[in-house]
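Examination of the molecular architecture
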Amino acid sequence: MKQRDGLGRETLPPRLRKLMQSTSLGVVPSARSAHLVRAASPGSNALEHWNAYATASCTTFPDAGEIRLFPLVRYNLGEDENAAANQSWFALETDYDAAQDATLCAAQGRVTDILKAANVPFVWTKGTALATSIYADRALRPSSDLDMLMPWDGLPALVVCAKDHGWNDKLGVTHFTNGRPSMRYRGSEVSWEMQDGVELDVGWMPRLPFAYDPFAVDWIMATGAKADSHLANPTWLLIEAIEHGLNANIVSPIRWVVDALWLIDRHGQDIDWEMLVTLTKRYHLACLMRVGMTVLQDFTDAIPETVMAQITALPISAVEMDEFAMRSTTLDHAARDLASVRYNAVMRAPQSIYMKNKLSPRKGGTGVSLRLRGQIAARNLHARLIWPLAKRFTPTDLA
């Protein structure tokens, strides 16, 4: 991958550019950690960038977020490892545990068999999908739980499967009455803990009010649920990587950049950039995607210029800017939760978007029917009518 150091940042709004420069919690790679990102990414001179990272780290010991990338660097180095600086760092303990990963892998296979036998549509998402779709070894991308997405209508069958197999309810299941999902539950995930301690999370979406939004879910199911792997498509995984990665953490969360770069390198030809822009508009992710894509431009030229032009042209509201400031600069969970509550109150989705027969927006790639186009347009109109409510919120509201 070619690199485009610094290109694109000059086009950011002044406040957003200042926020990116001031984030000290690793959401945006620093000059030092950028060398590590390049060393862990595909198609780069791993030895050159690793040695540059080691030199820049002479007075700074790597944190856990950086250490988790060392196995990828070692993989990229290959025979050049003998010429690498600070080789002892490759022996540092990461968050990968072989026994836990074996348990997780077995649980994933078991859940896949259960849901396929019950004829329940689903796809694996987030780290669960990334570990097997873009990396040569699961040890290069450890996960702590299983993440899944499915249509809203499939949840009752999943609840029955969970009960039959003795899974313990953890989140959201109390919102089901007689096996049927409650309408008041629309804005969250549902999760269980299985007997082996593995957690299964279902239903994450970029904006909680749009959880199980059929516009995105039908498209994701149409492009992944019927495949033997049951993996979400690369477009959705890229959106997840950016949205999840641009979040402050106690350790440097720069792995999101590496995930995105590997995803683009391995499956760039399969990324539906038009749909990515459409979902960015629909879920009001203009600020997050603008930052994320600008950061990725520093490391690769594989993002089409037309896509960057479309994302750059999207207006960024004050509440989106405040949201990014909150999630990228603070570790206080209470403050971040408050920001999420306030933000999602603005973003509440009309229930009418769920009141339809499930139809794929792509319908096997043959195009979108006029009826469905009308329904999609109506949903987008609802979202646009709701969005002006954001003007009620100021930075002091999110403090």
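Quick note: structure is the one above.
Below or above, wherever it landed, is the structure these notes cover. (Residues numbered from 1 in each chain as written. Predicted model: local features only at pLDDT ≥ 70, side-chain atom pairs only at ≥ 80, totals over all residues. Heavy atoms only, no water.)

1. A few points about the overall build of the chain
The condition that has to hold: Think of it this way: any DSSP run of H or I at least four residues long counts as a helix, any run of E at least two long counts as a strand, and we number them from the N terminus. We call two residues in contact when some of their heavy atoms are within 4.5 Å. Only the protein chains shown count as cover for residues, and the accessible areas themselves come from Shrake-Rupley with a 1.4 Å probe.
Per the secondary structure count, the chain includes 17 helices and seven strands. Contacts spanning at least 24 positions in sequence make up 74% of the contacts within the chain whose residues lie at least 6 apart. For the chain, the accessible area works out to roughly 17300 Å², and carbon and sulfur atoms hold 52% of it.

2. A few points about the sheet that holds strand 7 (residues 199-202)
Quick reminder of the rule: Only strands that DSSP links by at least two bridges are regarded as paired with each other.
Strand order in the open sheet made by the five strands is 1-2-7-6-3, with mixed pairing throughout. Because the sheet does not close on itself, it has two edges, and the strands there are strand 1 (123-124) and strand 3 (168-171). Of the pairings in the sheet, the one linking strand 1 to strand 2 (residues 146-149) comprises two bridges and is antiparallel in character. Counterpart to Val123 in the pairing with strand 2 is Leu149.

3. Concerning helix 11 (residues 255-267)
Note that an α-helix has 3.6 residues per turn; residues three or four places apart therefore point the same way. Applicable threshold: By definition here, a helix of n residues has an expected span of 1.5 Å times n minus one. For the exposure calls, accessible area comes from a 1.4 Å probe over protein chains only, and a residue counts as buried if that area is under 20% of its type's maximum, exposed if over 50%, partly exposed in between.
For helix 11, built from 13 residues, the straight-helix expectation of 18 Å at 1.5 Å per residue is met to within 8% by its first-to-last C-alpha distance of 18 Å. Within helix 11, 11 of the 13 residues are buried, which leaves it mostly tucked inside the rest of the structure. Of the positions making up helix 11, those classed as buried are Arg255, Trp256, Val257, Val258, Asp259, Ala260, Leu261, Trp262, Leu263, Ile264 and His267. Buried residues along helix 11 sit in contact with helix 2 (31-40), helix 5 (70-77), helix 7 (126-133), helix 10 (234-245) and helix 13 (286-297).

4. Looking at the pattern of salt bridges
Oppositely charged side chains may form a pair once their charged atoms are brought near each other. Worth spelling out the cut-off: The salt bridge definition used is simple: a Lys or Arg side-chain nitrogen within 4 Å of an Asp or Glu carboxyl oxygen.
What the rule picks out here adds up to 12 salt bridges. A salt bridge links Lys170 to Glu199, with the shortest nitrogen-to-oxygen separation between them at 3.7 Å. One end of the pair, Lys170, is in strand 3; the other, Glu199, is in strand 7, with 29 residues separating them in the sequence. Assessed through its relative accessible area of 28%, Glu199 is described here as partly exposed.

5. A look at the environment of Cys105
As for its position among the elements, Cys105 is in helix 6 (residues 98-117). On a C-alpha basis, the gap between Cys105 and Ser143 in space is 10.0 Å, while along the polypeptide they are 38 residues apart.

6. Let's talk about the packing of aromatic side chains
Rules: Under the pairing criterion, centres of Phe, Tyr and Trp rings, with the six-membered ring standing for Trp, must be within 6.5 Å; the plane angle then separates stacked pairs below 30 degrees from edge-to-face pairs above 60, leaving the rest tilted.
Here the structure, examined in full by the defined rule, presents 15 aromatic pairs. Ring geometry for Trp50 against Tyr53: centres 5.5 Å apart, planes inclined by 45 degrees, an arrangement best described as tilted. Of this pair, Trp50 and Tyr53 both sit in helix 3 (residues 46-56), three residues apart, roughly one helical turn. Relative to Phe90, the ring of Phe70 lies with its centre 6.5 Å away and its plane at 85 degrees, an arrangement referred to as edge-to-face.

7. Comments concerning unusual backbone geometry
Of note in the backbone geometry, His230 takes a positive phi value of approximately 55 degrees without being a glycine. In this fold, His230 is placed in the loop between helix 9 (214-224) and helix 10. Look at His284: it is not a glycine, yet its phi comes out positive at around 55 degrees. Along the chain, His284 falls in the loop between helix 12 (273-282) and helix 13. In this structure His284 comes out as buried when scored by relative accessible area, which is 11%.

8. Observations regarding the packing of helix 13 against helix 15 (residues 318-329)
The condition is simple: Axis geometry follows a simple rule: fit a line to the C-alpha atoms, using only the stretch in contact for helices, then measure angles between N-to-C directions, giving values from 0 to 180 degrees. For classification, angles of less than 35 degrees are called roughly parallel, those exceeding 145 degrees roughly antiparallel, those between 65 and 115 degrees roughly perpendicular, and all remaining angles oblique. Charged means Asp, Glu, Lys or Arg here, nonpolar means Ala, Val, Leu, Ile, Met, Phe, Trp, Tyr, Cys or Pro, and polar covers whatever is left, Gly included.
Running from N to C, helix 13 and helix 15 point in directions that differ by 55 degrees, and their axes come no closer than 8 Å. In terms of their interaxial angle, helix 13 and helix 15 are classed as oblique. Contacts from Ala286, Cys287, Leu288 and Val291 in helix 13 reach Glu320, Met321, Glu323, Phe324 and Arg327 in helix 15. For the contact of helix 13 with helix 15, the residue count by class is six nonpolar, no polar and three charged.

9. Focus on the packing of helix 12 against helix 14 (residues 305-313)
Think of two packed helices as two axes; the pair is described by the angle between the axes and how far apart they sit. At a minimum axis distance of 10 Å, the contact between helix 12 and helix 14 shows a crossing angle of 10 degrees. Judged by the angle between their axes, helix 12 and helix 14 are roughly parallel. Packed against helix 12, whose contacting residues are Trp273, Leu276 and Val277, the element helix 14 presents Val307, Gln310 and Ile311 at the interface. Residues belonging to the contact of helix 12 with helix 14 are distributed by class as follows: five nonpolar, one polar and no charged.

10. Things to note about the nonpolar core
A general trend in soluble globular proteins is that nonpolar side chains are found buried together. Stated formally: Nonpolar cores were defined as sets of buried Ala, Val, Leu, Ile, Met, Phe, Trp, Tyr and Cys residues, with membership established by side-chain atoms within 4.5 Å.
Of all hydrophobic cores here, the largest spans 110 residues; its most connected members are Trp236, Met293 and Leu296. When near neighbours in sequence (up to four residues on either side) are disregarded, Met293 contacts Ile242, Trp273, Leu276, Ile303, Val307, Met308 and Ile311.

11. Focus on helix 7
Counting buried positions over the eight residues of helix 7 gives six, a clear majority of the element. When we look at burial in helix 7, the residues that qualify are Lys126, Gly127, Thr128, Ala129, Leu130 and Ala131. Tucked into the core, helix 7 has its buried residues touching helix 6, strand 1, strand 2, helix 10 and helix 11.

12. Topic: the side chain of Asp147
With respect to the helices, strands and loops of the structure, Asp147 is situated in strand 2. When near neighbours in sequence (up to four residues on either side) are disregarded, Asp147 contacts Val123, Trp124, Thr125, Lys126, Thr128 and Asp201.

13. Remarks on the side chain of Ser41
What counts is decided by this rule: For the purposes of these results, a polar contact is taken to be a pair of N or O atoms within 3.5 Å, where, inside protein, one atom must be able to donate a hydrogen and its partner to accept one; residues adjacent in sequence count only when each atom of the pair is a side-chain atom.
Within the secondary structure, Ser41 is located in the loop between helix 2 and helix 3. A polar contact is formed between the side chain of Ser41 and the backbone oxygen of Val37, at a distance of 2.5 Å. The contact partners of Ser41, leaving out residues within four places of it in the chain, are Asn76, Val258, Leu261 and Trp262.

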